[in-house]
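Close look at the chain arrangement
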Amino acid sequence: MATSESSKPRAHRAAPRYELLTLGDELLLGLTANGHLTFIGAQLGRRGVLLQRNVTITDEADAIAAQFRESWARSDVVITTGGLGPTCDDRTREVLAEALGQQLIKDPALEQAIADRFARINRKMTPNNLKQAYRFEHGDVLPNANGTAPGLWVEQDGKVLIMLPGPPNELQPMFTGQVMPRLTKLGLLGEGEAYVQIRTAGVGESMLETKFQPLFARYPGLGIAYCAHQGQVDCRISSPDECYSMDGLHELAEECAALLGDDFVCFGHDSLAKVVADQLRETGRTLAVAESCTGGLLANSFTDICGASKFFQGGIVSYSNDAKMMLLDCPECLLSQHGAVSAECAVAMATGVAEQLDADFGVAITGFAGPAHGNGENPVGTIYLGMHAPGGDWSRKLTYPGPRCAVKQRSVTAAVDWLRRELLREARKVPVAMAN
């Protein structure tokens, strides 16, 4: 594997310390999930920065001020989320201005931008919205194309303060489009990804490590990390001491992929559905899905992808037996004899949706997601997948004990992964008997 120009120990500039302050009573009350931590942490991590700490704080001014002073004293970059809006509990701007000894000044350009936004959406602007038109005297504005509260950027005392609005649809594009480029320009963030990620499906975390360990043992000093999801495992390879070049890490990742065979999904961060979408587009094939217990999650995984209409014909959620008969032409005698949770029903659903929506592939899910129902032969957590493909029709039985939401998500993952493998098999022209 390729190494960097010198693999000898060398002095590195200390990595910048980042802290994230997520503000809002709704987070502490459990009314809103703290998605800002997972999003910002992931974005920074890809570029070589480990978020050192996240603290969630109430909307009270004293709590905000105390925590900010503590974080500001020991960090190079402090990021805050929330509390920039128009209401009385939005105090972040005012509290941090006082903590930094700065004045807030009204910006006529911001005031006009807020008024223009209300006009575009044909809503009356109340006076309290003008609270959002104030910025730091010595700081920059991060324009908000998706809301009224702008982000704020302050460089002071050799540090950076980044204040972001709370709504994810406003925060996320602001962070990727404006914050990360500015941090990169300041040398506080790497220009490219700091690791290579190997995305897998169908192999457990412990088995994946067992497969990779003999290979990794040949390269001392590697940074190795595993992350398990619902039915998937990611492995991240990095070189913390920069002993190995990124080209070398990619070469090693290619060796890992070769070890995995069809359990290898992709390098990077694409979802299973995105990988399948690319396969379908490449071959000009189309897909339709039928769902019972997953209630539309399978269809949603594909419609989340931009341009899905090029390959995705549609989906049918047929929860009741009547719906299965009316919408998918499932025979009444089949449902009476085998039941809705059966291999026969799964195949009938897959075939029916492919025919109804004129698709090359049909994929179906039916089962007992729990926590009630089930029977001796098919206990709670029993899932049947059905597939209609140009090469034939098949079913699979799976068992996923656990909470209802986890059963549903794992079922979707399994269905998408089965389609991915079938598309790989078809591309290799492997006979079905040999593939199974």
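Computed from a prediction, not measured in an experiment: that's the story for all the values here.

Take the overall build of the chain next. The number of helices and strands found in the chain is 15 helices and 17 strands. Principal-axis analysis of the C-alpha atoms gives the chain an extent of 75 × 65 × 40 Å. Among the 436 residues that make up the chain, the fraction classed as buried is 47%. Within the chain, counting contacts between residues at least 6 apart in sequence, those at least 24 apart form 67% of the total. Counting 40 positive and 51 negative side-chain charges, the chain places the averaged centre of each group 2 Å from the other.

What follows is about the sheet that holds strand β11 (residues 232-238). Sheet architecture is open: four strands sit in the order β10-β11-β9-β12, paired in antiparallel fashion. If you trace the sheet from one side to the other, it starts and ends with β10 (223-228) and β12 (264-267), each paired once. Here the average twist between neighbouring strands, direction ignored, is 20°. As defined by bridge partners, strand β9 (residues 196-201) adjoins β12 across three bridges and the pair is classed as antiparallel. In the strand pairing of β12, T200 is matched with F264. Running at roughly 10° to β9, helix α8 (residues 246-260) makes contact with β9, β11 and β12 of the sheet. Along the sheet face, helix α14 (residues 404-428) touches β9, β11 and β12 and points at about 95° away from the line of β9.

Okay, the pattern of salt bridges next. Opposite charge on two side chains permits them to pair, given that their charged atoms come into close proximity. Under the defined criterion, the tally for this structure stands at 19 salt bridges. Ionic pairing is found between E70 and R74, a salt bridge with its closest N-O pair at 3.5 Å. Highlighted residues: E70 and R74, both in helix α3 (residues 61-74), separated by four residues, approximately one helical turn. Taking the relative accessible area as the measure of exposure, R74 reaches 37% and is therefore partly exposed.

Backbone geometry follows two general trends: most residues other than glycine have a negative phi, and most peptide bonds adopt the trans configuration. Positive phi values are uncommon outside glycine, yet E242 reaches one of about 60°. Tracing the chain through its elements places E242 in the loop between β11 and α8. Positive phi, normally seen in glycine, also occurs at D358, with a value near 55°. Assignment of secondary structure puts D358 in the loop between α13 (343-356) and β15 (361-367). Overall, the relative accessible area of 64% leaves D358 in the exposed class.

With that settled, the discussion passes to the packing of helix α2 (residues 35-46) against helix α6 (residues 168-185). Orientation of α2 relative to α6, taken along the N-to-C sense of each, is 15°, at an axis distance of 11 Å. When the axis of α2 is compared with that of α6, the two are roughly parallel. Relative to α6, the crossing made by α2 is right-handed. Contacts between α2 and α6 involve H36, F39, I40, Q43 and L44 on the former and, on the latter, P168, L171, Q172, F175, T176 and M180. Considered class by class, the residues forming the contact of α2 with α6 number seven nonpolar, four polar and no charged.

Before going further, it helps to spend a moment on the packing of aromatic side chains. Taken as a whole and assessed by the stated rule, the structure comprises seven aromatic pairs. In this structure an aromatic cluster arises from ring pairing among F302, F311 and F312. Sitting over the ring of W153, R182 keeps its end group 4.4 Å from the ring centre. Geometry around Y195 places R236 over its ring, the cationic atom sitting 5.8 Å from the centre.

Conventions and cut-offs
- Residues numbered from 1 in each chain as written.
- Predicted model: local features only at pLDDT ≥ 70, side-chain atom pairs only at ≥ 80, totals over all residues.
- Heavy atoms only, no water.
- Helix = DSSP H or I, 4+ residues; strand = E, 2+ residues; numbered from the N terminus.
- Buried < 20%, exposed > 50% of the residue type's maximum accessible area, 1.4 Å probe, protein only.
- Contact = heavy atoms within 4.5 Å.
- Lys, Arg positive; Asp, Glu negative; His and termini not counted.
- Charge placed at Lys NZ, Arg CZ, Asp CG, Glu CD.
- Pairing = 2+ DSSP bridges.
- Axes fitted to C-alpha atoms, helices over the stretch in contact; angles between N-to-C directions.
- Salt bridge = Lys/Arg side-chain N within 4 Å of Asp/Glu carboxyl O.
- Parallel < 35°, antiparallel > 145°, perpendicular 65-115°, else oblique.
- Left-handed = near helix turned anticlockwise from the far one by under 90°.
- Nonpolar A, V, L, I, M, F, W, Y, C, P; charged D, E, K, R; others polar.
- Phe/Tyr/Trp six-rings, centres within 6.5 Å; stacked < 30°, edge-to-face > 60°.
- Lys NZ or Arg CZ within 6 Å of the ring centre and 35° of its normal.

These results come straight from atomic positions and should not be treated as a statement about function.
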